[in-house]
Amino acid sequence: MAKPTPPEDERPRTLASQTLFRGLDIVEAVAAGIDTVPALSAHTGITPSTTHRIASALVHAGYLRFEPRRGYRLGNKLIELGFLAYRQIDLPRVARPTLEALASETQDTVHLAVADGWEVMYLDKLPGQRAVEISSRIGGRKPICVTGVGKALLLDQDEAAWQAQLAHYQSQASSAPIDKATWLARMHDYARLGYAFDLEDDTPQIRCVAAPVYDASQRIVAAISVSSTTKYMSRERMQELVPRVKHAAAQISHQLGWSGHGG
């Protein structure tokens, strides 16, 4: 028995959906480095004629571009949309579930911060379950050089940038000198290992473990930390927390489009 013909208003919608998904398949294939019609056709399973037709339409709309002898590349329209999507990301909202899980697991205070010139600015703070008072606050600022999140925010920069940060801090806080050689040696270790510590550098008796958060450009855009007093944050426990804090930072990074490389 023949299948009933779909109503007229459903058929164009089905065809449009198929074309849309085929177009997305072609865009993703080009993003993966496949740049010719035969190769795109083989990869997507779409006939060569249809592949050429859809790819041409995507070029016309700006989602792809075609270069003679080089083939298809992603178009400027995708770059524009990518930046628009990034600007629409609400970082504290995206990060909050991961931060809540980290705070619950560690029972310590958890921070989310971004760099703002010579300072860090705290975007979120989740108080721990211990009787510990941490002086930070949402919207508050502290010097980059002496905070765990601040050091984590610097890990993809070079030594010249680190020295500039330290020199500025020293010029503003002459009462709290930092040994330059020791600080730089620690920064090199932190950059190599992908995390940073605050060893009572900012506030006596307060220590923290921090890790950077990356975005789709593979650059550091934020940092998170777990903080507590020395009573609960021995050197041994700090090392034990490193994998957990780095994992939480990676979870947030992936939500921002980080590919897991370059960090």
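Since we're looking at a predicted model, the values are computed, not measured.

1. Describing helix H9 (residues 235-255)
No. 1: Between its terminal C-alpha atoms H9 stretches 31 Å, which fits the 30 Å expected from 21 residues at 1.5 Å a residue.
No. 2: At leucine 241, H9 shows its largest bend, some 35 degrees, and a proline, proline 243, comes one to four positions later.
No. 3: Residues of H9 that are buried make contact with helix H5 (91-106), strand E6 (196-199), strand E7 (206-214) and strand E8 (220-229).
No. 4: Directly after H9, the chain includes glycine 257, whose backbone phi takes a positive value near 100 degrees.

2. Topic: the pattern of salt bridges
No. 1: Per the stated rule, a full pass over the model turns up 15 salt bridges.
No. 2: Among the ionic pairs, aspartate 201 bridges to lysine 151, the shortest N-O distance being 2.5 Å. Of this pair, aspartate 201 sits in the loop between E6 and E7 while lysine 151 sits in helix H6 (residues 148-153), placing them 50 residues apart in sequence.
No. 3: The partner of aspartate 156 in a salt bridge is arginine 219, and the shortest N-O contact between them spans 3.4 Å. With aspartate 156 in the loop between H6 and helix H7 (159-172) and arginine 219 in the loop between E7 and E8, this pair connects stretches of sequence that are 63 residues apart.
No. 4: The partly exposed category is assigned to aspartate 156, whose relative accessible area is 22%.
No. 5: One salt-bridge network, held together by shared partners, links Arg65, Glu67 and Arg70.

3. Description of the pairing of E8
Regular strands have side chains that alternate between both faces of the sheet.
No. 1: The buried fraction of E8 amounts to 9 of the 10 residues, a majority that puts the element mostly inside the structure.
No. 2: In terms of strand pairing, strand E3 (residues 109-116) meets E8 through 5 bridges, oriented antiparallel. What sits directly across from leucine 112, in E8, is isoleucine 224.
No. 3: Where E7 and E8 come together, 9 bridges link them in antiparallel fashion. Its bridge partner lying in E8, alanine 210 is registered against serine 225.
No. 4: What sits between the antiparallel neighbours E7 and E8 is a turn of 5 residues, in which glutamine 218 has the positive phi angle 70 degrees.

4. Observations concerning the sheet that holds E8
The strands making up a sheet are joined through hydrogen bonds of the backbone, oriented either antiparallel or parallel.
No. 1: As summarised here, the arrangement of the 6 strands in space is E5-E4-E3-E8-E7-E6, forming an open sheet in which the pairing is antiparallel. In the strand order of this sheet, the two ends are held by strand E5 (141-143) and E6, each with one partner. Sheet twist, expressed as the average angle between the axes of neighbouring strands with direction ignored, equals 30 degrees.
No. 2: Relative to E7, H9 is tilted by about 25 degrees, and along the sheet it contacts E6, E7 and E8.

5. Here we look at the confidence of the model for the protein chain
No. 1: Here the protein chain averages 88 in pLDDT, and 90% of its residues register 70 or above.
No. 2: Here residues 5-11 is modelled with pLDDT under 50, and outside its nearest four sequence neighbours on either side it reaches 2 contacts, counting other chains as well.

6. Considerations on the packing of aromatic side chains
No. 1: Here the structure, examined in full by the defined rule, presents 5 aromatic pairs.
No. 2: A centroid spacing of 5.1 Å and a plane angle of 45 degrees characterise the contact between tyrosine 195 and phenylalanine 197, whose relative ring orientation is tilted. Phenylalanine 197 carries the same exposure label as tyrosine 195, and that label is buried.
No. 3: On the numbers, 5.3 Å between centres and 15 degrees between planes, the contact of tyrosine 214 with tryptophan 258 is stacked.

7. A look at a nonpolar patch on the surface
No. 1: Together, Leu20, Phe21 and Leu24 line one region of the surface with nonpolar side chains, adding up to about 310 Å² of accessible area.
No. 2: In this fold, phenylalanine 21 is placed in helix H1 (residues 11-31).

The rules behind these values
Residues numbered from 1 in each chain as written. Predicted model: local features only at pLDDT ≥ 70, side-chain atom pairs only at ≥ 80, totals over all residues. Heavy atoms only, no water. Helix = DSSP H or I, 4+ residues; strand = E, 2+ residues; numbered from the N terminus. Expected span 1.5 Å × (residues − 1). Bend = angle between axes of the 7 residues up to and from the residue. Contact = heavy atoms within 4.5 Å. Salt bridge = Lys/Arg side-chain N within 4 Å of Asp/Glu carboxyl O. Buried < 20%, exposed > 50% of the residue type's maximum accessible area, 1.4 Å probe, protein only. Pairing = 2+ DSSP bridges. Axes fitted to C-alpha atoms, helices over the stretch in contact; angles between N-to-C directions. pLDDT = per-residue confidence, 0-100. Phe/Tyr/Trp six-rings, centres within 6.5 Å; stacked < 30°, edge-to-face > 60°. Patch = residues over 30% accessible without salt bridge, like charges linked within 9 Å, V, L, I, M, F, W, Y side chains within 5 Å. Areas by Shrake-Rupley, 256 points an atom, 1.4 Å probe, with all protein chains shown as cover.

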